[in-house]
Amino acid sequence: MSEDTSGILTGTALEEHLHECPGWSETPGPAIAKSFKFQSFVEAFAFMTQVALLAEKAGHHPDWSNSYNRVDIALSTHDKGGITQNDIALARKINALVSG
Ligand code: H2B
């Protein structure tokens, strides 16, 4: 298993890419997912606003939910029915928002 001609990442290729995205893991969907926790609802929502701007710029959007100070994000490429480089790229950008 690897990256097929459609660009869908599976198996070891996906695992290798996930190393670039600390905290993200594969979930059924298939998708990659990560949960983020903040000090308050306002901080969580500010983060969501930043993610929304990144997503709109990339033309690639998260499936997510928010409960008070927690934001759960799943990324998958709906058009292709799997995980692609677009999901990895967005996951990396989202991580960069919270790690500096
Ligand atoms: N976001 C995600 N996560 N997956 C997609 O396949 C997708 C998207 N497709 N945002 C985009 C929009 C596409 O529908 C438009 C036409 O660019």
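Residues numbered from 1 in each chain as written. Predicted model: local features only at pLDDT ≥ 70, side-chain atom pairs only at ≥ 80, totals over all residues. Heavy atoms only, no water.

Q: Any details on the packing of aromatic side chains? Residues and values, ideally.
A: Tallying each qualifying case throughout the model produces four aromatic pairs. Taken together, the aromatic side chains of W24, F36, F38 and F47 make up a single cluster linked through ring pairs. (Phe/Tyr/Trp six-rings, centres within 6.5 Å; stacked < 30°, edge-to-face > 60°.)

Q: Describe the environment of P62, listing the residues and the values that go with them.
A: Within the secondary structure layout, P62 lies in the loop between α2 (41–58) and β3 (63–67). Along the chain, P62 and L90 lie 28 residues apart, while their C-alpha atoms are 8.8 Å from each other. Those residues in contact with P62 that lie beyond four places of it in its chain are V51, A55, I73, A74 and L75. (Helix = DSSP H or I, 4+ residues; strand = E, 2+ residues; numbered from the N terminus. Contact = heavy atoms within 4.5 Å.)

Q: So what's going on with the sheet that holds strand β4 (residues 70–75)? Residues and values would help.
A: The strand order across the open sheet built from four strands is β1-β2-β4-β3, with neighbouring strands paired in antiparallel fashion. Every other strand in the sheet has two partners, leaving β1 (25–27) and β3 as the edge strands with one partner each. Averaged over all adjacent pairs, the angle separating strand axes in this sheet is 30°, with direction ignored. Here β1 runs beside strand β2 (residues 31–37); their pairing, made up of three bridges, is antiparallel. Residue pairing in the sheet places T27 in a bridge with A31 of β2. Packed onto the sheet, helix α3 (residues 85–98) meets β2 and β4 and runs at close to 10° relative to β2. (Pairing = 2+ DSSP bridges. Axes fitted to C-alpha atoms, helices over the stretch in contact; angles between N-to-C directions.)

Q: So what's going on with the pairing of β2? Which residues, and what values?
A: Burial analysis of β2 places five of its seven residues in the buried class, the great majority of the element. Of the pairings in the sheet, the one linking β2 to β4 comprises six bridges and is antiparallel in character. Each bridged residue has a counterpart across the sheet, and for F36 the counterpart in β4 is V71. (Buried < 20%, exposed > 50% of the residue type's maximum accessible area, 1.4 Å probe, protein only.)

Q: Help me get a handle on the site of the ligand, residues and values and all.
A: Taken together, G59, H60, H61, S76, T77, H78 and D79 form the complete shell of residues around the ligand. In this structure, an oxygen atom belonging to the ligand sits 3.1 Å away from a main-chain N or O atom of H78. Separating an oxygen atom of the ligand from a backbone N or O atom of D79 is a distance of 2.8 Å. Coverage of the ligand by the protein amounts to 60% of the 390 Å² it exposes when considered alone. (Near = heavy atom within 4 Å. Polar contact = N/O pair within 3.5 Å; in protein donor to acceptor, adjacent residues only side chain to side chain. Areas by Shrake-Rupley, 256 points an atom, 1.4 Å probe, with all protein chains shown as cover.)

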